[in-house]
Amino acid sequence: MRPDRRTFLKWSISGTTFFAAASLLDLRGDRAAAVVGTLSEAHASARRPLFVAPQREFVLRVREGFRRMVDGRSLYAWGYTDESGVIQGVGPPLTVREGERITVTLVNEGRDGHSFHIKDILSDQTVVPPGGQHTYEFMAPLAGTYLYYDSANDPLGRAMGLCGALVALPADGRQTAWTDGPAFDQQFLWVLSELDERWNAARQNAQPVDLRDYRPNYFFINGRSFPETMSDPNAMMAGRVGQTVLIRTINGGLISHAMPFPGYHFRIIARNGQPQAAFIEKDTFVVYPGETMDVLVTLDQPGRYPVHDHSLMAVTANGVYPNGMMAEFDVREA
């Protein structure tokens, strides 16, 4: 039978939704495409998701416990964890496609009330009591990089380890920063953070924290310090000459971090999930507390390059250099 127009449209929409749900949401890839140079302000404001995909569900657990530092010490900390229950210093990355319906169930296994929040995206700020749980529901934002954190205890929660990344990929499934945006061959995710062990010790003993006195002495990329960052495929970046690399950077900490790229220039293409009208070329970018920044790097020369915070203090672990916020960029011949 030849379907009428309404039936045809219904079949078409169902097929599109199924295709979107079946797509793989991998943060690493190797599809090559040309890089778009700029994005007009009109285009940026007019971006819209192409469809609403089926619901994507996540479960996060807030736990208290101990984190092992790079120097072998164990410090009390808080953490968003997956089912493994391991406190990593940052929560697991949540990868979605723009326009999807998202649910995040927060299970609170700690002694304090905690929450899950994404600024300007999630209006529900329910505080989950100890032993309780709550499901937050929202629509995935436009493609970009976003910070999730515990708004009920901010900024203490971020300093104790309650932060993580939400990465929204384009609805059309292409390997671009956003729909019709710059293309890339590979992408990496950095969540920068630090801790002041005096704050951790105070909360371990249920004592108050002086939020005016913050002197961090450990520094991390994705919850790891150098040389442990070398075992993290997102912190230890790798590529080949001719490729374009997207680096999604989130500052989950309480102080600013400046990240230089020796031997390379890059383009800042988005801040806090919002595309930039013109791409600024720099060799060092500063990410302020609680903010995100996406940069593009075109690999044009081989070599191994150290990447670290511009402040030498942030490249230490309890005063020992270089056990801090440092990784490497390994660029090989094409």
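Small disclaimer: the values here were computed from a predicted structure and weren't measured.

Enquirer: What am I meant to see in the pairing of strand β2 (residues 74–81) here?
Expert: Taken residue by residue, a regular strand's side chains alternate between the two faces of the sheet. With 7 of 8 residues buried, β2 is to be regarded as a mostly interior element. Direction of pairing for strand β1 (residues 56–68) relative to β2: antiparallel, over a ladder of 8 bridges. Across the sheet, Arg 61 pairs through a bridge with Thr 81, a residue of β2. Remark: 5 residues form the turn of the hairpin made by β1 and β2, two consecutive strands paired antiparallel; Gly 72 in that turn has positive phi of roughly 95 degrees.

Enquirer: Looking at this model, I keep getting lost on the confidence of the model for the protein chain. Mind explaining?
Expert: Detailed reading of predicted coordinates is not advised where the pLDDT is low. Looking at the protein chain, the pLDDT average stands at 87 and 84% of residues meet or exceed 70. Taken together, the stretch residues 1–52 has pLDDT below 50 and engages in 83 contacts with residues farther than four places along the chain or on a different chain.

Enquirer: How should I be thinking about the sheet that holds strand β6 (residues 144–149) in this particular structure?
Expert: Each strand in a sheet pairs with its neighbour through backbone hydrogen bonds, running either in the same direction (parallel) or in the opposite one (antiparallel). Across the sheet, which stays open at both edges, the 3 strands sit in the order β3-β7-β6 with mixed pairing between neighbours. Each edge of the sheet is formed by a strand with only one pairing partner; in this case those strands are β3 (94–97) and β6. The average undirected angle you get between the axes of adjacent strands in this sheet is 25 degrees. Alignment of β3 against strand β7 (residues 163–169), held across 4 bridges, turns out to be parallel. Pairing of Leu 94 across the sheet is with Leu 166, part of β7.

Enquirer: Is there a simple way to explain unusual backbone geometry in this structure?
Expert: Most peptide bonds are trans, and most residues other than glycine sit at a negative phi. Following Asp 154, the chain continues to Pro 155 via a peptide bond in cis, the omega torsion being 10 degrees. Residue Pro 227 is bonded to the preceding Phe 226 through a cis peptide linkage, with omega at 10 degrees. With respect to the element layout, Pro 227 can be found in the loop between β9 (218–221) and β10 (237–240). Of note in the backbone geometry, Asp 120 takes a positive phi value of approximately 65 degrees without being a glycine. Considering the arrangement of structural elements, one finds Asp 120 in the loop between β4 (101–108) and β5 (133–139).

Enquirer: Sorry, what's going on with the packing of aromatic side chains here?
Expert: In this description, an aromatic ring pair is defined by two values, namely the gap between the centres and the angle between the planes. Taken as a whole and assessed by the stated rule, the structure comprises 13 aromatic pairs. A ring pair is formed by Trp 190 and Phe 261, whose centres lie 6.1 Å apart and whose planes are at 20 degrees; its orientation type is stacked. One end of the pair, Trp 190, is in strand β8 (residues 186–195); the other, Phe 261, is in the loop between β12 (257–260) and β13 (266–271), with 71 residues separating them in the sequence. Across the pair, exposure class does not vary: Trp 190 and Phe 261 are buried alike. Residues Phe 261 and Phe 285 carry aromatic rings whose centres are separated by 6.0 Å and whose planes lie at 35 degrees to one another, so their mutual orientation is tilted. Placement of Phe 261 in the loop between β12 and β13 and of Phe 285 in strand β15 (residues 284–287) is noted, with a sequence separation of 24 residues between them. Residue placement shows Arg 67 over the ring face of Phe 220; its charged tip is 4.4 Å from the ring centre.

Enquirer: Teacher, can you tell me more about the nonpolar core here?
Expert: If you look at soluble globular proteins, the nonpolar side chains tend to sit buried side by side. With 31 residues, the main nonpolar core has Leu 60, Leu 94, Val 104, Leu 106, Phe 116 and Phe 138 as its most contacted residues. Apart from residues no more than four positions distant in its own chain, Leu 94 is found in contact with Phe 58, Leu 60, Val 104, Phe 116, Tyr 148, Ala 165, Leu 166 and Val 167. Formed by 27 residues, the second largest nonpolar core is a distinct cluster that contains Phe 219, Ala 235, Phe 261 and Met 293.

Enquirer: It is not clear to me how helix α4 (residues 197–204) should be interpreted in this structure. Could you clarify?
Expert: The complete set of buried residues in α4 reads Trp 199, Asn 200, Ala 202 and Arg 203. The buried residues of α4 occupy an angular sector of 160 degrees when the element is viewed end-on, so they sit on one face. Buried residues along α4 sit against β2, α3 (156–160) and β8. Count one or two residues on from α4 and you reach Ala 206, which has phi positive near 60 degrees.

Scoring rules and cut-offs
Residues numbered from 1 in each chain as written. Predicted model: local features only at pLDDT ≥ 70, side-chain atom pairs only at ≥ 80, totals over all residues. Heavy atoms only, no water. Buried < 20%, exposed > 50% of the residue type's maximum accessible area, 1.4 Å probe, protein only. Helix = DSSP H or I, 4+ residues; strand = E, 2+ residues; numbered from the N terminus. Pairing = 2+ DSSP bridges. pLDDT = per-residue confidence, 0-100. Contact = heavy atoms within 4.5 Å. Axes fitted to C-alpha atoms, helices over the stretch in contact; angles between N-to-C directions. Phe/Tyr/Trp six-rings, centres within 6.5 Å; stacked < 30°, edge-to-face > 60°. Lys NZ or Arg CZ within 6 Å of the ring centre and 35° of its normal. Core = buried A, V, L, I, M, F, W, Y, C linked by side-chain atoms within 4.5 Å. Arc of directions from axis to C-beta.

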